[in-house]
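Structural characterization, general
Each chain, letter by letter, is given below.
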Amino acid sequence: MSKAPTPQPGIMEIEPYQGGASKIEGVENAIKLSSNENPFGPSDKVIEAYQRAQHQLHRYPPTDHAALRNAIGEVHGLDPDTIICGAGSDEIISFLCQAYAGPGDEVIHTEHGFSMYRISALAAGATPVEVPERDRKVSANAILEGVTDNTRLVFIANPANPTGTMVGKAEVTRLAKSLPEHVILVLDGAYAEYVEDFDGGASLVKRFPNVVMTRTFSKIYGLGGLRIGWGHARPEVIEVLNRVRGPFNLSNTQLAAAEAAVRDRAHVDRCRADNTRLRAWLAEALAERGVPSDTSCANFVLARFADRDEAEACDEFLRSEGVIVRRVAGYKLPNCLRITVGDEASCRRVAHLIGQFKGAGANDG
Ligand SMILES: *Cc1c(COP(=O)(O)O)cnc(C)c1O
């Protein structure tokens, strides 16, 4: 008698990650505002480094990522021994769950938190625990109320996705201070570069042995397609994570491109300034057309509609006009659509179309 192979407990509870759509049937040149990508792409220096890397395709990459960790360390003022690099920050999130959480352990994420936290916790055999937010904002108190003796990890993104809201430094510090020592607080800084003079939580890593920061090259650096991210923690934690990391998890191409990207600060500054300007314009244009949003600190706006039906109807209308935004019902925000801040023409187009949808008779000026 044969028995079918059975996956580990928890695996079948994983709902596969839903990426932002990138195509509309029958539409060429759709405007894609569904995955928080940088509309300007990476810097020219990254393209040059990427092209140079083609001469090394037959060589195995280094396993220690020393050149990239040194570059990140120089730019951010961090010791390279406190840095680990991965295939997107998703891989760092996965390392954390694999290394620190297993069957019987709890991993806290918040009500509207990024879906990879739950997926990675389940993949590690751990139990994801959801705690409420307050008006689409992460709450330190709600997290602390959710902590038990079994809690191993707490994940928050700051700024958060898909809400775009931020928790202030005092509250994050209080959270770090109040968590039991056996709990790791992960500060996901995927959108940190969009906030001027924000260190993404690096200073808290210095103060607390149980704080980890994750960062990515997928957002402001315009490299979502290449898959590079990094984590920052005390060397004791980095040393643990390196044990679950595959030795060749990043290619020569990824390493070269990321190093060129992190060194080009002018490109980052330009993209941040453009995003700040266009985000303010878009949020205001939507508000004028009867669609409010929380003040966003990231490269997208979470547009709020009257209810689920209106949000879905608006999404359908935008699609019919060749514009792709992101439904976020899966994030318990069924009445909202997340709209990435694109280039100026895309912002004008989406605002114009939403105005048309709302029948406000607004023009796109
Ligand atoms: C986009 C995003 C990431 C980045 O994922 P990568 O694997 O680095 O592409 C991480 N966290 C959040 C909250 C995000 O929105």
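As named in an unreviewed UniProt entry, the protein is Histidinol-phosphate aminotransferase, taken from Maritimibacter fusiformis. Under the Cofactor (unreviewed entry) heading, UniProt states for the protein: "pyridoxal 5'-phosphate". Quoted straight from UniProt, the Subunit (unreviewed entry) entry for the protein says "Homodimer."

Thoughts on the UniProt feature "domain: Aminotransferase class I/classII large" (unreviewed entry) in the protein
Feature annotation in UniProt places "domain: Aminotransferase class I/classII large" (unreviewed entry) on residues 29-352, given in this structure's numbering. Helix makes up 41% of residues 29-352 and strand makes up 16%, while its end C-alpha atoms are separated by 18 Å.

Some words on the packing of helix 3 (residues 88-100) against helix 8 (residues 235-244)
It is at 9 Å that the axes of helix 3 and helix 8 come closest, and there the two elements cross at 95°. Taken together, the axis directions place helix 3 and helix 8 in an arrangement best described as roughly perpendicular. Taken together, the residues of helix 8 that come into contact with helix 3 (itself represented by Phe-95, Leu-96, Gln-98, Ala-99 and Tyr-100) are Val-237, Val-240, Leu-241 and Val-244. Here the contact of helix 3 with helix 8 is built from residues that sort into 8 nonpolar, 1 polar and no charged.

Comments concerning the environment of Lys-169
Relative to the assigned elements, Lys-169 resides in helix 6 (residues 169-178). Taking the C-alpha atoms as reference, Lys-169 lies 9.7 Å from Phe-198; in sequence the two are 29 residues apart.

Looking at the sheet that holds strand 4 (residues 127-131)
The strand order 2-8-7-6-5-3-4 describes an open sheet built from 7 strands, whose pairing is mixed. The sheet terminates laterally at strand 2 (83-86) and strand 4, the two strands that pair on one side only. Taken pair by pair, the neighbouring strands of this sheet meet at an average axis angle of 25°, ignoring direction. Summarising the sheet, strand 7 (residues 211-216) and strand 8 (residues 229-232) pair through 4 bridges and their orientation is antiparallel. Directly across from Thr-214, in strand 8, lies its bridge partner Gly-231.

Comments concerning the site of the ligand
Neighbouring residues of the ligand: 14 residues in total, closest Ser-89, Asp-188, Thr-216, Ser-218 and Lys-219. Between an oxygen atom of the ligand and a main-chain N or O atom of Ser-89, the distance comes to 2.6 Å. Here an oxygen atom of the ligand and a side-chain polar atom of Arg-227 are 2.7 Å apart. With the chains in place, 94% of the 380 Å² that the ligand exposes on its own is no longer accessible.

Regarding the UniProt feature "modified residue: N6-(pyridoxal phosphate)lysine" (unreviewed entry) in the protein
Per the UniProt record, "modified residue: N6-(pyridoxal phosphate)lysine" (unreviewed entry) is found at Lys-219. Assignment of secondary structure puts Lys-219 in the loop between strand 7 and strand 8. Sequence-distant contacts of Lys-219, that is, excluding residues within four places in its chain, are made with Ser-35, Asn-36, Asn-38, Ala-190, Tyr-191 and Tyr-194.

A few points about unusual backbone geometry
Omega for the bond connecting Asn-158 with Pro-159 falls within 30 degrees of zero, at -5°, which places this linkage in the cis form. Look at the link from Asn-161 to Pro-162: it is a cis peptide, with omega at 10°. Within the secondary structure, Pro-162 sits in the loop between strand 5 (151-157) and helix 6. Notably, His-65 is not glycine yet its phi reads approximately 55°, a positive angle. As for its position among the elements, His-65 is in the loop between helix 1 (44-52) and helix 2 (66-76). His-65 sits in the buried class, given a relative accessible area of 2%. Even without a glycine there, the phi angle at Arg-136 is positive, about 60°. Mapped onto the elements of the fold, Arg-136 is located in the loop between strand 4 and helix 5 (140-146).

Rules of the game
- Here the residue index of a chain counts from 1 through its sequence in written order.
- Owing to the predicted nature of the model, reporting of local features is limited to residues with pLDDT of at least 70; listing and counting of side-chain atom pairs is limited to 80 or more, with chain, interface and lining totals taken over all residues.
- Remark: hydrogens and water are excluded; side-chain values derive from all non-hydrogen atoms of the structure.
- UniProt positions are given in the numbering used here, feature names are shortened, and annotations may be inferred rather than shown by experiment.
- A run of DSSP states H or I qualifies as a helix once it reaches four residues; a run of E qualifies as a strand once it reaches two. Both are numbered from the N-terminal end.
- Each axis is a line fitted through C-alpha atoms, and for a helix only the stretch in contact is used; angles between axes span 0 to 180 degrees, taken between their N-to-C directions.
- With respect to orientation, any angle under 35 degrees is reported as roughly parallel, any angle over 145 as roughly antiparallel, any angle of 65 to 115 as roughly perpendicular, and every other angle as oblique.
- Contacts between residues were defined by any pair of non-hydrogen atoms, one from each residue, lying within 4.5 Å.
- Ten residue types, Ala, Val, Leu, Ile, Met, Phe, Trp, Tyr, Cys and Pro, are classed as nonpolar, four, Asp, Glu, Lys and Arg, as charged, and the remainder, Gly among them, as polar.
- Each pair of strands is called paired provided DSSP finds at least two bridges between the two strands.
- For this purpose, a residue is taken to be near a molecule or strand whenever a single non-hydrogen atom of the residue falls within 4 Å of it.
- Counted as a polar contact is a pair of N or O atoms within 3.5 Å, where, for protein atoms, one must be capable of donating a hydrogen and the other of accepting one, and residues adjacent in sequence contribute only when both atoms are in side chains.
- Areas reported as accessible are Shrake-Rupley estimates using a 1.4 Å probe. Residue values count occlusion only from the protein chains shown.
- Exposure categories follow from relative accessible area, calculated using a 1.4 Å probe and restricted to protein chains: below 20% of the type maximum is buried, above 50% is exposed, and the middle band is partly exposed.

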